[in-house]
2 protein chains.
Amino acid sequence: MTLKYLTQQLAKTIDEELMSQAGGFSIDQLMELAGLSVAQAIAKVYDNLKYPRVLICCGPGNNGGDGLVAARHLFHFGYKPNIFYPKQTKNELYQRLIVQCDNLNIPFTNNLSNQLKQSDLVIDAIFGFSFSGEIRAPFDQVIQMLKETKLPIASIDIPSAWDVEKGNINGRGFTPAILISLTSPKLCAKQYNGIHFLGGRNLEKKYDLQLPLYPGTDQVIDITNVSGEKL
Amino acid sequence: MTLKYLTQQLAKTIDEELMSQAGGFSIDQLMELAGLSVAQAIAKVYDNLKYPRVLICCGPGNNGGDGLVAARHLFHFGYKPNIFYPKQTKNELYQRLIVQCDNLNIPFTNNLSNQLKQSDLVIDAIFGFSFSGEIRAPFDQVIQMLKETKLPIASIDIPSAWDVEKGNINGRGFTPAILISLTSPKLCAKQYNGIHFLGGRNLEKKYDLQLPLYPGTDQVIDITNVSGEKL
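Please read these numbers as outputs of a predicted model, since none were measured by experiment.

J.: So what exactly am I meant to see when it comes to the packing of helix α2 (residues 27-45) of chain B against helix α3 (residues 62-76) of chain B here?
T.: Working note: a packed helix pair is described by the angle between its axes plus the distance between those axes. Residues and elements named next belong to chain B. Where α2 meets α3, the closest approach of the two axes is 7 Å, and the angle between their N-to-C directions is 60°. As judged from the angle between their axes, α2 and α3 are oblique. Considering how the two elements wind past one another, α2 and α3 form a crossing that is right-handed. Note on element contacts: α3 touches α2 through N62, G65, D66, V69, A70, R72, H73 and L74, opposite I27, M31, E32, A34, G35, L36, V38, A39 and I42. Broken down by class, the residue content of the contact of α2 with α3 amounts to ten nonpolar, four polar and three charged.

J.: How should the relation of the copies chain B and chain A be read in this particular structure?
T.: Look at the two chain copies: a rotation about an axis and a shift along it is all it takes to match them. Between the two copies, chain B and chain A, the superposition gives an RMSD of 0.0 Å; the rotation angle is 180° and the shift along the axis is 0.0 Å. Considering both components of the superposition, the chain copies are consistent with a two-fold axis. Residues of chain B ranked by C-alpha distance from the rotation axis are headed by Q29(B), positioned 2.8 Å from it. Most of the interface of chain B is mirrored in chain A: 100% of its interface residues are interface residues there too.

J.: I keep staring at the environment of V226(B) and nothing clicks. Help me out?
T.: All names here are of chain B. By the element assignment, V226 lies in the loop between β9 (220-222) and β10 (228-230). Sequence-wise, V226 and T2 are 224 residues apart; in three dimensions their C-alpha atoms are separated by 6.6 Å. Beyond its immediate stretch of four places on either side in the chain, V226 contacts M1, L3 and Y5.

J.: Which parts of the structure should I look at to understand the packing of aromatic side chains?
T.: For any pair of aromatic rings, the description rests on two quantities: the centre-to-centre distance and the angle between the ring planes. Taken as a whole, this structure holds six aromatic pairs over all chains when the rule is applied. Centre to centre, the rings of Y46(A) and Y51(A) are 4.7 Å apart; their planes meet at 70°, and the pair counts as edge-to-face. Look at Y46(A) and you get buried, because its relative accessible area is 6%. The interplanar angle of 65° and the centroid separation of 5.7 Å between the aromatic rings of F127(B) and F139(B) together place this pair among those described as edge-to-face. Residue F127(B) is found in the loop between β5 (121-125) and α6 (139-148), and its partner F139(B) is found in helix α6; the two are separated by twelve residues along the sequence. As far as the burial class goes, F127(B) and F139(B) line up, both buried. Chaining the aromatic ring pairs together yields one cluster made of F127(A), F131(A) and F139(A).

Analysis parameters
Residues numbered from 1 in each chain as written. Chains lettered and ligands numbered in written order. Predicted model: local features only at pLDDT ≥ 70, side-chain atom pairs only at ≥ 80, totals over all residues. Heavy atoms only, no water. Axes fitted to C-alpha atoms, helices over the stretch in contact; angles between N-to-C directions. Helix = DSSP H or I, 4+ residues; strand = E, 2+ residues; numbered from the N terminus. Parallel < 35°, antiparallel > 145°, perpendicular 65-115°, else oblique. Left-handed = near helix turned anticlockwise from the far one by under 90°. Contact = heavy atoms within 4.5 Å. Nonpolar A, V, L, I, M, F, W, Y, C, P; charged D, E, K, R; others polar. Least-squares fit on C-alpha atoms with pLDDT ≥ 70 in both. Phe/Tyr/Trp six-rings, centres within 6.5 Å; stacked < 30°, edge-to-face > 60°. Buried < 20%, exposed > 50% of the residue type's maximum accessible area, 1.4 Å probe, protein only.

Dropping the structure here:
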């Protein structure tokens, strides 16, 4: 098995094509499957009895939306999720994802520092493959707190604050305990040596991604130690 | 564990509420999870090596949409789905679900009779909980062919042509080998003695449905032989 690592531009192109008329997917569908993949990967590594209290840190974009969906599925898998979502998007989809969590009484916290002390595991749903440039407030402080925590961190798609292609430049970010790449790993993942899962089965027929065969009915596959090359 | 069987009206009310502002779900999300539940239930009972050729018979409404999603997931699970969808809905969502199957080269057939001879298993995605009244063409003939086939049939939500509450009145329908009830079983399922799965974890906090605890990260649970009562 050889993986194909995506440039930022190709990751964007694939995402746009999936949601184009030619791809046929809605963002609701893709986000649902992405969040489910994340929750399943977490459940494969962190037992819900030993690590029940999962703090999901959500950014303002789609990565944050994936985190909101993951929170809901983790609740259904027997975890006790708690959401930190400091820059909530007014967009209708995100408002609905919040309602879905509210209806399950999943709490939202405004105090990251306190909540970290009451958590067993952190999900980093802050920035995804479209991230670039400077890290704006309040996420500069959020990243700093995640750099300092001793809790295991699971990052969605890329470790937040990493450059999508160049990785952890200037030591700006942290190294997560798990990375859950979506569709195909991004170039920065070449520098990542931790537990690595892949989620999202949708693109097998295109772009010569040479995606691995997912086991059974799982939405994720463990790709730790699988080598890869730039596509 | 005791199950709550839903009347047709309550099933409709729950569905509407899920997709209301209070529930926050989009039909894309619910259909994705429903279709995934169906595909997972199939995979638990019918091995993809012994039963690779799955014929999905889709009706004109949401039950048919669940079937289209299930077809896509079954493809990803290693089956060879084939879709019979004689009354295709012009609605944008359904058109997108068709595109998603087309992009995986999942074939659509116009000849049910022939395709039945080349299949190992049938998914009945024709009518769901909102069905009532007479069975209109071409589905009268479709139901007749499914009554005559020796292949195992898996029905989504209700066995098509059954009355949602009264069951198989006048022997109008067939008895499937598997029933995959969504959210909670409908009243007609009280008369059903075959393999029975439940899918859809979304409503635990409402309507006192007393839904069972789903195992692990599965989207379905086997409820064969679990007793129930009318809600």
